[in-house]
Amino acid sequence: FFKTQTPADLSSPAKLRDGETFDFIIAGGGTAGCVLASRLSEVPDWKVLLLEAGGEEPLEADIPAFGQNLKLSALDWQYWTQPQNTSCGGEACQWPRGKVLGGSSTINDMIYNRGNRLDYDHWSDLGNVGWDYENGVLPYFKKSEDNLDPDIARDIKYHSVGGYQSVGRFPYTDENVPNIIKGFQELGYKRVDFNGPHVTGVMHLQATQYKGERRSTNGAYLEPVRRLRNNIRVITNVRVTKILIDKGTKVAHGVEYVGEKDRRFRGKVYAKNDIIVSSGSINSPQLLMLSGIGPKETLETLNIPVIKDLKVGHNLHDHIGAFAVNYFVGNSTRPNSSRDFFRDATLYSRNQRTGPWSGIGSLSVVAYTNSRYANKSMDYPDIQFSTIPSVADSRDSGFCDVDVAVPWCYYNRITFMPAVLRPKCRGYLTINSSDPFARPLIYPNSFCDHQDLDVISDGFKAAVKLADTKVFKDNDFRLDKTPPAGCSHLQFGTDDYWVCAAIQTTHSNYHPVGTCKMGPPTDPDAVVDPQLRVYGVKRLRVIDSSIMPVITSGNTNAPSIMIGEKGADIVKKSYGIKL
Ligand SMILES: Cc1cc2nc3c(=O)[nH]c(=O)nc-3n(C[C@H](O)[C@H](O)[C@H](O)COP(=O)(O)OP(=O)(O)OC[C@H]3O[C@@H](n4cnc5c(N)ncnc54)[C@H](O)[C@@H]3O)c2cc1C
């Protein structure tokens, strides 16, 4: 599935000539990289090169319900963590990352969530001048946004129309979605727009989509401009393997690249202005380390000459969830026959992107609540629920003979997955080879601190309460009390049971951040300053999700778009461009 690429895409590296010079080089065409390429190329005098290891975005990635099939496909770097005994039952956890134009915004679940205003005020309090909510980041969320839902867009303090990134509710909603929302409401959750003034509560979420099709940042920012502007070059299937930095002056002046499919294809390109690393939270730190920027001990062991000793790869954290609370759904949305399936295919393809394929099933609901540690008076919840659809018995799914996952829209079970929004634990990632094609080693250290287990346990308990609501009973949502492997000796619902279930069924929310931490000069762990410049190296910046000093309290795609937007203005300003 998703293995095909066009001949033009595969031959893209040949369009790059060894030794060429540009004004800016961006390493990585993901969420932030596409935003940057689009915004920097607004300056007609600047020649911008975007290098992306993956290929062009395939049409299949546009279908919302098919998101599950993108994981472990050729569009995914297919990372796995190192096994640790406090998570994923002691096994490696799956950490997908987009390897395609648009990066993770091309394979993600499209949930549009900016996080909490207090997250950004905290960044600012840490010394990151200019990154507070009201004046520092809200203007950039709004600059990017083209909100399609009039009931949300009318709140012009928080929302806007006319930006590159379309945001709105999916055209299709199945009958379970309003019932799930009602269930949360019965428990006292308020209906909110969590991208607006109030966060704690439940929302029929908005997504990075346009009329039933995914809008990655490639589709939103790059596609509309790349063929109209002759000062932007986009090269796919090329991996940046090293940043070229003068050892004496410590000035970054170019990059080495290697063809992703044909490694004989290689060369160097140069930048008159900045090199911008936008390779994401796993690959950005890897690229810096390969280039001599990182922990001295690591680099010396691998005989990589040290340019700058920095805590690259540290401060790794993510929203950690677990699959411990599942409900069978009375109103199964599975197709009864192949005829139903083809009806849905026709609705989607011929009927202007309508029908079940134009949505993501129960995943359209997000709710926020507080654990015992959160201050309830602050509207700063520390638990987020995702409502993940699945087929209870995939052998009975009608898809068993096909090598694809069941689309999100067909399900008879929902996992109410709480995620720890502000984890105490920090992990790290490192390299054990100077080969740029070797995989970095990821140590998330999830649930290393008991407080994180307490928070998720409070989330499980809150999710179980839904079973008592009238709407869940009336609609035959049945709590599945089957214990996860390794927990059957414990009584369902006890504290020990929840701790066991968290460790056995750990699930990343796919939001790793923090590995090239932004911080003031006084922060010994900082890799970039608040202008996103790498400490100790000139003309080198990191602009992507890896710079977050502390993870935002929500999904991380919208914040990565904001970082791209704000980063572009920071760069423009530093070169005297009037904004
Ligand atoms: C499966 C999945 C589901 C998710 N669901 C959601 C969701 O619903 N909502 C949400 O808000 N967030 C979601 N996220 C998280 C969100 O998408 C990411 O936080 C965000 O996309 C990160 O943006 P980025 O620019 O930092 O990195 P990325 O978007 O990952 O971009 C990095 C890019 O750099 C390229 N690259 C890497 N190394 C090199 C190299 N050496 N040379 C050249 N190119 C390179 C990569 O191929 C990639 O295109 C999800 C993520 C995943 C993986």
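Residues numbered from 1 in each chain as written. Predicted model: local features only at pLDDT ≥ 70, side-chain atom pairs only at ≥ 80, totals over all residues. Heavy atoms only, no water.

1. Thoughts on the layout of surface pockets
In plain terms, the rule: Cavities and pockets are found on a 1 Å grid laid over the protein atoms alone: a cavity is a set of points where a 1.4 Å probe fits but cannot escape, a pocket is an open set with protein on both sides within 12 Å along at least five of seven lines, and a lining residue has an atom within 4 Å of such a point. Grid points are joined across faces, edges and corners, and a volume is the space filled by probe spheres set on the points. Where helices and strands are cited, they refer to DSSP runs of H or I of at least four residues and of E of at least two residues respectively, numbered from the N terminus. In this classification, Asp, Glu, Lys and Arg are treated as charged, Ala, Val, Leu, Ile, Met, Phe, Trp, Tyr, Cys and Pro as nonpolar, and every other residue, Gly included, as polar.
Computed from the structure, the second largest pocket encloses a volume of approximately 260 Å³. The element that contributes the greatest number of residues to the lining of the second largest pocket is strand β12 (residues 238-245), accounting for five residues. Split into classes, the residues belonging to the lining of the second largest pocket amount to eight nonpolar, three polar and three charged.

2. Some points on the site of the ligand
Where we set the bar: To be near a molecule or strand, a residue needs just one of its heavy atoms within 4 Å of it. Think of a polar contact as two N or O atoms within 3.5 Å of one another; within protein, one of them needs to be a possible hydrogen donor and the other a possible acceptor, and neighboring residues in sequence only count if both atoms come from side chains.
Taken together, 38 residues surround the ligand, and among them Thr31, Glu52, Ser545, Thr556 and Asn557 come closest. Measuring from an oxygen atom of the ligand, one finds a side-chain N or O atom of Trp77 at 3.1 Å. At 2.6 Å from an oxygen atom of the ligand is found a side-chain nitrogen or oxygen belonging to Ser545. Per-class residue counts for the shell around the ligand are 12 nonpolar, 19 polar and seven charged.

3. Here's the deal with the packing of aromatic side chains
The line we're drawing: Centre distance within 6.5 Å is the pairing criterion for rings of Phe, Tyr and Trp, where only the six-membered ring of Trp is used; planes under 30 degrees apart are then read as stacked, over 60 as edge-to-face, and the remainder as tilted. Only protein chains enter the accessibility calculation, which uses a 1.4 Å probe; a residue whose area is less than 20% of its type maximum is buried, one above 50% is exposed, and one in between is partly exposed.
Overall, the coordinates contain 28 aromatic pairs when judged by the stated rule. Ring centres of Tyr120 and Phe141 lie 5.8 Å apart, and the angle between their planes is 70°; on these two criteria the pair is classed as edge-to-face. With a gap of 21 residues between them, Tyr120 in helix α4 (residues 117-125) and Phe141 in helix α5 (residues 133-144) connect regions that are remote in the sequence. There is no split in this pair, since Tyr120 and Phe141 are both buried. Residues Tyr327 and Phe416 carry aromatic rings whose centres are separated by 5.2 Å and whose planes lie at 75° to one another, so their mutual orientation is edge-to-face. With Tyr327 in strand β19 (residues 326-328) and Phe416 in strand β22 (residues 413-420), the pair connects residues that are 89 residues apart, well separated along the chain. Each member of the pair, Tyr327 as well as Phe416, carries the same accessibility label: buried. Taken together, Phe184, Tyr189, Tyr327, Phe385, Phe416, Phe472 and Phe477 form an aromatic cluster joined through their ring pairs.

4. Remarks on the packing of helix α2 (residues 31-40) against helix α8 (residues 217-226)
Quick reminder of the rule: Note on definitions: angles span 0 to 180 degrees between N-to-C directions of axes, and those axes are lines fitted to C-alpha atoms, for helices only across the stretch in contact. These descriptions rest on fixed angle ranges, namely under 35 degrees for roughly parallel, over 145 for roughly antiparallel, 65 to 115 for roughly perpendicular, and the rest for oblique. Two helices crossing with the near one rotated counterclockwise from the far one by less than a right angle form a left-handed crossing, whereas a clockwise rotation gives a right-handed crossing. Whether two residues are in contact is decided by their heavy atoms: any pair within 4.5 Å suffices.
Interaxial distance between α2 and α8 falls to 9 Å at its minimum, and their mutual angle equals 25°. On the basis of the axis angle, α2 is roughly parallel to α8. For α2 against α8, the interelement crossing comes out left-handed. Contacts between α2 and α8 pair Thr31, Cys34, Val35, Ala37, Ser38 and Arg39 from the former with Thr217, Asn218, Tyr221, Leu222 and Val225 from the latter. A breakdown of the residues in the contact of α2 with α8 according to their chemical character gives six nonpolar, four polar and one charged.

5. Brief notes about the state of the cysteines
Inclusion rule: When two cysteine sulfur atoms are found within 2.5 Å, that pair is recorded as a disulfide.
Taken as a whole, this structure holds three disulfides when the rule is applied. In this model Cys425 forms its disulfide with Cys448; the gap between the sulfur atoms is 2.3 Å. Across the disulfide from Cys425 to Cys448, rotation about the S-S bond amounts to roughly -120°, and the bridge is consequently left-handed. You can see Cys425 sitting in the loop between β22 and β23 (428-430) and its partner Cys448 sitting in the loop between β24 (441-443) and α12 (450-465), a full 23 residues away along the chain. Overall, Cys425 belongs to the buried group, its relative accessible area being 5%. What links to what in the protein: the bonded cysteines, counted in sequence order, pair as 1-2, 3-4, 5-6.

6. What to know about the pattern of salt bridges
Any two side chains of opposite charge can pair, on the condition that their charged atoms come close. Here is the rule we go by: Any Lys or Arg side-chain nitrogen found within 4 Å of a carboxyl oxygen on Asp or Glu counts as a salt bridge.
In the structure shown here, the tally under the stated rule is 34 salt bridges. A salt bridge links Asp495 to Lys461, with the nearest nitrogen and oxygen atoms 2.8 Å apart. On the criterion of sequence distance, the pair formed by Asp495 in helix α14 (residues 495-504) and Lys461 in helix α12 is long-range, its members being 34 residues apart. Three or more residues joined by partner-sharing salt bridges are found here, namely Arg39, Glu42, Glu565 and Lys572.

7. A closer look at α4
To keep things clear, this is the line we draw: It is the directions from the helix axis to the C-beta atoms that the arc portrays.
Listing the buried residues of α4 in full gives Asp119, Tyr120 and Trp123. Here the buried residues of α4 occupy an arc of 90° about the axis, which is enough to place them on one side. Buried residues in α4 make contact with α5 and α15 (557-574). For α4, the N-terminal capping position is held by Asn116, with its side-chain oxygen 2.9 Å away from the main-chain nitrogen of Leu118. Looking one or two residues past α4, Gly127 carries a phi angle of roughly 110°, positive in sign.

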